[in-house]
Amino acid sequence: VVSAAVWAISFVLIRTLSRYREYAADRGSAIITRDPSRLASALLKISGRMQRIPDTDLRQMQAGSALMFFPAISRGSLAEIFGTHPSLEHRIARLQAMEAEMSR
Amino acid sequence: VGFLDSLLGRTPVPKSTEDRLFAMSTAAVGLEAAAGLKPAGKAGLLFKRLPPGRFDQLMDDVRQLLQIQGADTALTVEEHTDPLGFEWMILSGGSRDYQDALAAAHSVGQSLTEEGLGDLLLACAFRFEQGQRSVYWIYSYKQANFYPFVPAGEHRRDNAEELRLSAIAKSELPIDQMPERWYALWDIPL
């Protein structure tokens with residue numbers, strides 16, 4: 001029982017460490033390239049966040065807007081705790097924070 | 001948005017949309033320092049088909065407002081109908097913090113809301129200059145939020161730059177968190 005408990009705790013801790021290493025890696029590459037926004041935009045490209053921006057015109061939307069709806073996605077934080085990689089949202093948020101800091 | 005709301009497809013109605021629009025006046029100055037965007041002093045209100053004559057009346061109201069302000073403002077107002085048949089009220093030559101344009105937008109918004117025509121006012125666009133090109137911040141009255149629009153040639157927009165700008169402006173402007181709703185305004189007349 002004790003060893004199972006120790007295993008469970010270390011499992012979570014190792015994964016946490018791994019996520020921090022990932023953030024550190026992002027940070028490191030952002031500093032080396034001196035361009036966190038480019039890195040963020042590369043991550044965004046992979047994640048498809050950029051593809052979410054529509055080419056549709058606001059005025060064209062006015063005709064059939066009653067039928068528009070968006071999926072309501074809520075991201076589980078449980079997945080984050082057990083993952084070895086932090087979610088893209090969090091990685092991008094940190095890079096964008098760096099960008100804002102560096103552009104001051 | 002609560003779980004039940006999303007299940008039933010309800011969107012919460014944002015309150016005091018006017019206050020959120022006014023965030024632009026402080027942001028305009030901050031954006032120049034943080035993102036190198038120079039306010040072009042040009043803003044445009046976009047209307048969806050108003051009842052006949054109502055647009056001309058709004059134009060008269062704003063002209064009157066500007067006359068009262070007289071020497072205090074260099075703001076001028078023009079009308080424009082775009083190829084899609086939508087009407088624009090274009091406010092140019094105003095102050096760099098867009099205060100006078102915002103005051104005009106406010107009076108227009110208020111008089112339409114009083115008549116229950118508030119949802120015929122679609123957007124307020126603000127032009128900024130970034131080096132050689134124009135960058136726009138669009139305020140959507142429906143969402144009561146801003147989003148960036150960076151046209152990059154014929155029917156193309158610079159999505160990477162839009163995301164970058166939204167990250168930088170996050171602390172100054174209420175930004176729409178869903179990029180799906182950052183609708184384009186092609187051939188924007190300002």
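Residues numbered from 1 in each chain as written. Chains lettered and ligands numbered in written order. Predicted model: local features only at pLDDT ≥ 70, side-chain atom pairs only at ≥ 80, totals over all residues. Heavy atoms only, no water.

J.: Would you mind showing me how to read the overall build of chain A here?
T.: Within chain A, the regular secondary structure consists of 4 helices and 0 strands. Counted from the first residue to the last, chain A has its helices and strands arranged as α-α-α-α. Here the analysis covers contacts within chain A between residues at least 6 apart in sequence; of these, 77% occur between residues at least 24 apart. (Helix = DSSP H or I, 4+ residues; strand = E, 2+ residues; numbered from the N terminus. Contact = heavy atoms within 4.5 Å.)

J.: Even after reading the chapter, I still don't get the packing of aromatic side chains, so can you show me in this structure?
T.: Describing an aromatic ring pair means giving the distance of the ring centres and the angle of the ring planes. Taken as a whole, this structure holds 10 aromatic pairs over all chains when the rule is applied. Taking 6.2 Å as the distance between ring centres and 45° as the angle between the ring planes, the aromatic pair formed by Phe-126 of chain B and Phe-146 of chain B counts as tilted. Placement of Phe-126 of chain B in strand S4 (residues 121-130) and of Phe-146 of chain B in strand S6 (residues 145-149) is noted, with a sequence separation of 20 residues between them. Phe-146 of chain B matches Phe-126 of chain B in its accessibility class, with the two residues each being buried. Ring centres of Phe-149 of chain B and Trp-186 of chain B lie 5.6 Å apart, and the angle between their planes is 75°; this geometry places the pair in the edge-to-face category. Highlighted residues: Phe-149 of chain B in strand S6 and Trp-186 of chain B in the segment after helix H5 (159-169), separated in sequence by 37 residues. Taken together, the aromatic side chains of Tyr-98, Phe-126, Phe-128, Tyr-139, Tyr-141 and Phe-146 of chain B make up a single cluster linked through ring pairs. Looking at Arg-94 of chain A, its charged tip hangs above the ring of Tyr-23 of chain A, at a distance of 3.6 Å from the centre. In this structure, Arg-49 of chain B packs its charged tip against the face of Phe-86 of chain B, placed 4.8 Å from the ring centre. (Phe/Tyr/Trp six-rings, centres within 6.5 Å; stacked < 30°, edge-to-face > 60°. Buried < 20%, exposed > 50% of the residue type's maximum accessible area, 1.4 Å probe, protein only. Lys NZ or Arg CZ within 6 Å of the ring centre and 35° of its normal.)

J.: Teacher, can you tell me more about the confidence of the model for chain B here?
T.: In regions of low pLDDT, the predicted coordinates are not meant to be interpreted in detail. Summarising the model, chain B shows a mean pLDDT of 87, and 91% of its residues fall at 70 or more. Across the predicted assembly, pTM comes out at 0.71 and ipTM at 0.81. (pLDDT = per-residue confidence, 0-100.)

J.: Please clarify how the nonpolar core should be interpreted in this entry.
T.: For soluble globular proteins, the rule of thumb is that nonpolar side chains tend to be buried together. Membership of the largest hydrophobic core comes to 76 residues, with the highest contact counts inside it found for Met-24, Phe-47, Met-89, Phe-126, Trp-137 and Leu-173 of chain B. Once residues lying within four places of it in the same chain are set aside, the contact partners of Met-89 of chain B are Ala-43, Gly-44, Leu-45, Phe-47, Phe-55, Leu-58, Met-59, Val-62, Val-77, Glu-78 and Val-108 of chain B. (Core = buried A, V, L, I, M, F, W, Y, C linked by side-chain atoms within 4.5 Å.)

J.: Would you mind showing me how to read the sheet that holds strand S1 (residues 38-47) of chain B here?
T.: Hydrogen bonds along the backbone pair up the strands of a sheet, which may run parallel or antiparallel. Residues and elements named next belong to chain B. The strand order S2-S3-S1-S4-S5-S6 describes an open sheet built from 6 strands, whose pairing is antiparallel. Each edge of the open sheet carries a strand with a single partner, namely strand S2 (76-81) and S6. For this sheet, the mean angle separating the axes of adjacent strands, direction not counted, is 25°. With 6 bridges joining them, S2 and strand S3 (residues 87-92) adopt antiparallel strand pairing. Of the residues in S3, the one forming a bridge with Glu-79 is Met-89. Most of the contacts of helix H3 (residues 54-69) go to S2, to which it runs at about 165°, and overall it touches S1, S2 and S3. Here helix H4 (residues 99-114) sits on the sheet and contacts S1, S3 and S4; the angle it forms with S1, its principal contact strand, is near 15°. (Pairing = 2+ DSSP bridges. Axes fitted to C-alpha atoms, helices over the stretch in contact; angles between N-to-C directions.)

J.: Looking at this structure, I do not really get the interface of chain A and chain B. What am I missing?
T.: Where interface size is quoted, it is often the accessible area lost as the parts come together. Listed as interface residues are 21 residues of chain A and, on the opposing side, 30 residues of chain B. Linking chain A to chain B there are 2 salt bridges. As a salt-bridge pair, Glu-180 of chain B and Arg-52 of chain A come within 2.9 Å of each other at their nearest N and O atoms. Looking at the side of chain A that touches chain B, the elements that each hand over two or more residues are helix H2 (36-47) and helix H4 (88-102) of chain A. Broken down by element, the residue count for the side of chain A that touches chain B peaks at 3 residues, all from H2 of chain A. (Salt bridge = Lys/Arg side-chain N within 4 Å of Asp/Glu carboxyl O.)

J.: What is the right way to look at the pairing of strand S5 (residues 133-140) of chain B in this model?
T.: On any regular strand, side chains alternate: one points to one face of the sheet, the next to the other face. Residues and elements named next belong to chain B. Counting buried residues in S5 gives 7 out of 8 residues, a clear majority hidden from the surface. Across 8 bridges, the pairing between S4 and S5 is antiparallel. Note on S5: the bridge partner recorded for Arg-127 is Tyr-136. Once S4 ends, the chain turns through 2 residues before running back antiparallel as S5, passing Gly-131 with a positive phi of about 60°. The hairpin formed by S5 and S6 contains 4 residues between the paired strands, and Ala-144 there has a positive phi angle of roughly 55°.

J.: Got a minute to help me understand H4 of chain A in this structure?
T.: Three or four residues apart is the spacing at which side chains of an α-helix point the same way, because the helix has 3.6 residues per turn. In this model, H4 of chain A (15 residues) spans 21 Å end to end at C-alpha, consistent with the 21 Å of a helix rising 1.5 Å per residue. Looking only at H4 of chain A, the buried set comprises Arg-91, Ile-92, Leu-95, Gln-96, Met-98, Glu-99 and Ala-100 of chain A. (Expected span 1.5 Å × (residues − 1).)

J.: Help me understand the environment of Ser-95 of chain B, please; the structure alone is not making it clear to me.
T.: All names here are of chain B. With respect to the element layout, Ser-95 can be found in the loop between S3 and H4. Looking at Ser-95, the relative accessible area reads 26%, which means it is partly exposed. Remark: the alpha-carbon pair of Ser-95 and Pro-151, spanning 56 residues in sequence, is separated by 24 Å. Every residue in contact with Ser-95, bar those within four places of it in the chain, is listed here: Gly-41 and Asp-100.

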